[in-house]
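As a plain string of letters, each chain reads:
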Amino acid sequence: NAGVTQTPKFRVLKTGQSMTLLCAQDMNHEYMYWYRQDPGMGLRLIHYSVGEGTTAKGEVPDGYNVSRLKKQNFLLGLESAAPSQTSVYFCASSQDHGQSNYGYTFGSGTRLTVV
Amino acid sequence: AQSVTQLGSHVSVSEGALVLLRCNYSSSVPPYLFWYVQYPNQGLQLLLKYTSAATLVKGINGFEAEFKKSETSFHLTKPSAHMSDAAEYFCAVSMEYGNKLVFGAGTILRVKS
């Protein structure tokens with residue numbers, strides 16, 4: 001089925017380690033987003049991209065980097081993980097900024113624990 | 001800056017009872033409005049979206065939402081709750097074309113048997 005695929009689904013990191021979360025979409029969407037979800041805080045935008053080769057900061061970008069080398073992929077990197085980055089991470093994509101009929105399409109999430 | 005407020009972080013209803021989840025936004029012009037649902041350990045799914053065609057919007061699973069410009073609200077309702085409706089619900093708004101969606105903090109719906 002078409003959609004947004006996130007890998008890995010679960011990960012445990014030690015403080016200071018690095019990792020990359022991969023998001024892949026097969027809907028030919030221009031826009032892609034990375035969010036983190038924490039209890040009671042809803043979804044907070046980390047970074048987003050409005051097309052291949054572009055990235056922009058969201059609401060909580062510190063400690064994260066992103067790349068969009070291919071239109072279908074959006075990578076989120078943690079260079080030196082901290083316990084405060086323990087969260088569930090969601091990737092989403094859209095035709096525009098969500099104003100089309102289908103809004104955003106979300107992946108199933110990556111649950112990251114930093115110990 | 002655009003914002004969206006969901007009143008009540010937790011709502012509990014009995015099976016068969018009316019579901020009402022509240023969402024208010026801050027804007028002087030009609031925005032783009034959405035409701036998303038998140039089931040446990042899953043991503044968000046689109047429930048419904050407001051278009052200017054009608055103020056009452058019908059979504060999946062029997063949910064609907066009414067856009068009230070005078071109250072700047074877009075509350076989500078369902079006449080009769082089902083156990084399978086237990087989930088977290090997010091209201092989202094984009095004030096104009098070209099602006100990103102802003103999500104509310106979410107409301108967790110609990111359905112009691």
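Residues numbered from 1 in each chain as written. Chains lettered and ligands numbered in written order. Predicted model: local features only at pLDDT ≥ 70, side-chain atom pairs only at ≥ 80, totals over all residues. Heavy atoms only, no water.

1. Some remarks on the overall build of chain B
Across its full length, chain B carries zero helices and 11 strands. The order of helices and strands in chain B, counted from the N terminus, is β-β-β-β-β-β-β-β-β-β-β. The C-alpha atoms of chain B give a radius of gyration of 13 Å, which matches the 13 Å a tight globule of 113 residues would have. The principal-axis extents of the C-alpha atoms in chain B amount to approximately 40 × 25 × 20 Å. Looking at chain B as a whole, 44% of its 113 residues are labelled buried. A separation threshold of at least 6 residues defines the contact pool for chain B, and within that pool the share at least 24 residues apart is 58%. Just so you have it, chain B exposes about 5400 Å², and 52% of that area is on carbon and sulfur atoms. For chain B, the distance from the average position of its 9 positive side-chain charges to the average position of its 7 negative side-chain charges is 1 Å. (Helix = DSSP H or I, 4+ residues; strand = E, 2+ residues; numbered from the N terminus. Rg over C-alpha atoms; globule rule 2.2 N^0.38 Å. Buried < 20%, exposed > 50% of the residue type's maximum accessible area, 1.4 Å probe, protein only. Contact = heavy atoms within 4.5 Å. Areas by Shrake-Rupley, 256 points an atom, 1.4 Å probe, with all protein chains shown as cover. Lys, Arg positive; Asp, Glu negative; His and termini not counted. Charge placed at Lys NZ, Arg CZ, Asp CG, Glu CD.)

2. Digging into the environment of Pro61 of chain A
Among the structural elements, Pro61 of chain A can be located in the loop between β6 (56-57) and β7 (65-67). Among all residues touching Pro61 of chain A, those that are not within four sequence positions of it are Ile46 and His47 of chain A.

3. Observations concerning the side chain of Lys78 of chain B
The topology assignment puts Lys78 of chain B in strand β8 (residues 73-78). Every residue in contact with Lys78 of chain B, bar those within four places of it in the chain, is listed here: Ala17, Leu18, Val19, Asn61, Gly62, Phe63 and Asp85 of chain B.

4. With respect to the packing of aromatic side chains
Summed over all chains, the structure comprises 16 aromatic pairs over all chains. Residues Tyr64 of chain A and Tyr89 of chain A carry aromatic rings whose centres are separated by 5.8 Å and whose planes lie at 65° to one another, so their mutual orientation is edge-to-face. Of this pair, Tyr64 of chain A sits in the loop between β6 and β7 while Tyr89 of chain A sits in strand β9 (residues 87-94), placing them 25 residues apart in sequence. A relative accessible area of 0% means that Tyr89 of chain A is categorised as buried. Here Tyr104 of chain A and Phe106 of chain A contribute two aromatic rings whose centre-to-centre distance is 6.3 Å and whose plane-to-plane angle is 40°, an arrangement assigned as tilted. Since its relative accessible area comes to 2%, Tyr104 of chain A is described here as buried. With a relative accessible area of 8%, Phe106 of chain A lands in the buried category. A connected cluster of aromatic rings, assembled from ring pairs, spans Tyr33, Tyr35, Tyr48, Tyr104 and Phe106 of chain A together with Phe34, Tyr36 and Phe103 of chain B. (Phe/Tyr/Trp six-rings, centres within 6.5 Å; stacked < 30°, edge-to-face > 60°.)

5. Here's the deal with the environment of Gly43 of chain B
Tracing the backbone through its elements, the reader meets Gly43 of chain B in the loop between β4 (32-38) and β5 (44-50). Overall, Gly43 of chain B belongs to the buried group, its relative accessible area being 9%. Sequence spacing of Gly43 of chain B and Ile108 of chain B is 65 residues, and the spatial spacing of their C-alpha atoms is 14 Å. Contact partners of Gly43 of chain B, with chain neighbours within four places excluded, come to Phe90, Gly107 and Ser108 of chain A together with Val37 and Gln38 of chain B.

6. Description of the pairing of β9 of chain A
Residues and elements named next belong to chain A. Extensive coverage of β9 is indicated by the burial of eight of its eight residues. Every second residue of β9 is oriented toward a common face, with Ser87, Tyr89, Cys91 and Ser93 on one face and Val88, Phe90, Ala92 and Ser94 on the other, all of them buried. When strand β4 (residues 31-37) meets β9, the two strands line up antiparallel, connected through seven bridges. What sits directly across from Tyr35, in β9, is Phe90. Pairing geometry for β9 and strand β10 (residues 105-106), over two bridges, is antiparallel. Bridge assignment links Ala92 to a residue of β10, and that residue is Phe106. (Pairing = 2+ DSSP bridges.)

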